[in-house]
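# Coordinates in review
Chain by chain, the residues:
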Amino acid sequence: MREKEFAKTLTELLTPVVQQSIKESIRESLDDMLKEGKIQPPEKSDLMFIDETAQLIGMKKSSLYTNLCRGVGHPPGTRQGKRWYFSRREVMAWIQTGRKK
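This report concerns the structure included in the present document. Position labels on residues start from 1 in each chain and follow its written sequence. A pLDDT threshold of at least 70 governs which residues receive local features in this predicted model, and a stricter bar of 80 or more applies before side-chain atom pairs are shown or counted, although totals over entire chains, interfaces and linings include all residues. Hydrogens and water are ignored here; the side-chain numbers use all heavy atoms of the structure.

## With respect to the environment of aspartate 51
Mapping aspartate 51 onto the fold places it in helix 2 (residues 50–57). As for aspartate 51 and serine 21, which are separated by 30 residues in sequence, their C-alpha atoms are 39 Å apart. Runs of E in the DSSP output that reach at least two residues are strands. Runs of H or I that reach at least four are helices, and both are numbered from the N terminus.

Written as structure tokens, this is what we have:
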């Protein structure tokens, strides 16, 4: 019985240490793989809402809404009901081309 209690106690004590060691090993391996170009960092979701889009283009949210309603000076987006959706790639392309549409 004593051996089982000792094993249980030892396992409870070592588990956090082992978990931390595994996490560090994984981080190091991922860092190496990134440096060697074997993997790419995860991309952000392509879908953006109005808040993130306004921040990305450096415009107030209210100004972006105004431009969307007027149909001028805004990035390409889609309206579904009352919400606007934007593609990060399309917004970045719009910024790079300097489009004022």
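## Regarding the packing of helix 2 against helix 3 (residues 61–70)
Each packed pair of helices is defined by two parameters, the angle between the axes and the distance between the axes. Across the interface, helix 2 lies against helix 3 with an axial gap of 9 Å and an inter-helix angle of 100 degrees. It follows that helix 2 is roughly perpendicular to helix 3 by the angle criterion. Across the interface between the two elements, Ile50, Asp51, Thr53, Ala54 and Ile57 of helix 2 pack against Lys61, Leu64, Tyr65 and Leu68 of helix 3. Residues of the contact of helix 2 with helix 3, tallied by class, amount to 6 nonpolar, 1 polar and 2 charged. As a rule, the C-alpha atoms of each element are fitted with a line to give its axis, helices using only the stretch in contact, and angles between N-to-C directions run from 0 to 180 degrees. To sort the angles, those under 35 degrees are grouped as roughly parallel, those over 145 as roughly antiparallel, those from 65 to 115 as roughly perpendicular, and the leftovers as oblique. Any two residues having at least one pair of non-hydrogen atoms within 4.5 Å are treated as being in contact. Basically, the charged four are Asp, Glu, Lys and Arg, the nonpolar ten are Ala, Val, Leu, Ile, Met, Phe, Trp, Tyr, Cys and Pro, and anything else, Gly included, counts as polar.

## So, the packing of helix 2 against helix 4 (residues 88–97)
Where helix 2 meets helix 4, the closest approach of the two axes is 11 Å, and the angle between their N-to-C directions is 25 degrees. The angle between helix 2 and helix 4 places the two elements in the roughly parallel class. The handedness of the crossing between helix 2 and helix 4 is right-handed. For the pair helix 2 and helix 4, the contacting residues are Glu52, Thr53, Leu56 and Ile57 in the first and Arg88, Val91, Met92, Trp94 and Ile95 in the second. The crossing is said to be left-handed when, going from far helix to near helix, the turn is anticlockwise and less than a right angle, and right-handed when the turn is clockwise.

## Considerations on the packing of aromatic side chains
Any aromatic ring pair is given by two values, namely how distant the centres are and how the planes are angled relative to each other. Pairing of aromatic side chains requires ring centres within 6.5 Å, counting the rings of Phe and Tyr and the six-membered ring of Trp. Pairs whose planes differ by under 30 degrees are stacked, by over 60 edge-to-face, and all others tilted. Under the defined criterion, the tally for this structure stands at 2 aromatic pairs. Where tryptophan 84 meets phenylalanine 86, the ring centres are 6.2 Å apart and the plane angle is 20 degrees; that geometry is what we call stacked. Buried residues are those whose accessible area, probed at 1.4 Å on protein chains only, stays under 20% of the maximum for their type, while exposed residues exceed 50% and partly exposed ones sit between those limits. Residue tryptophan 84 is classed as buried on the basis of its relative accessible area of 16%.

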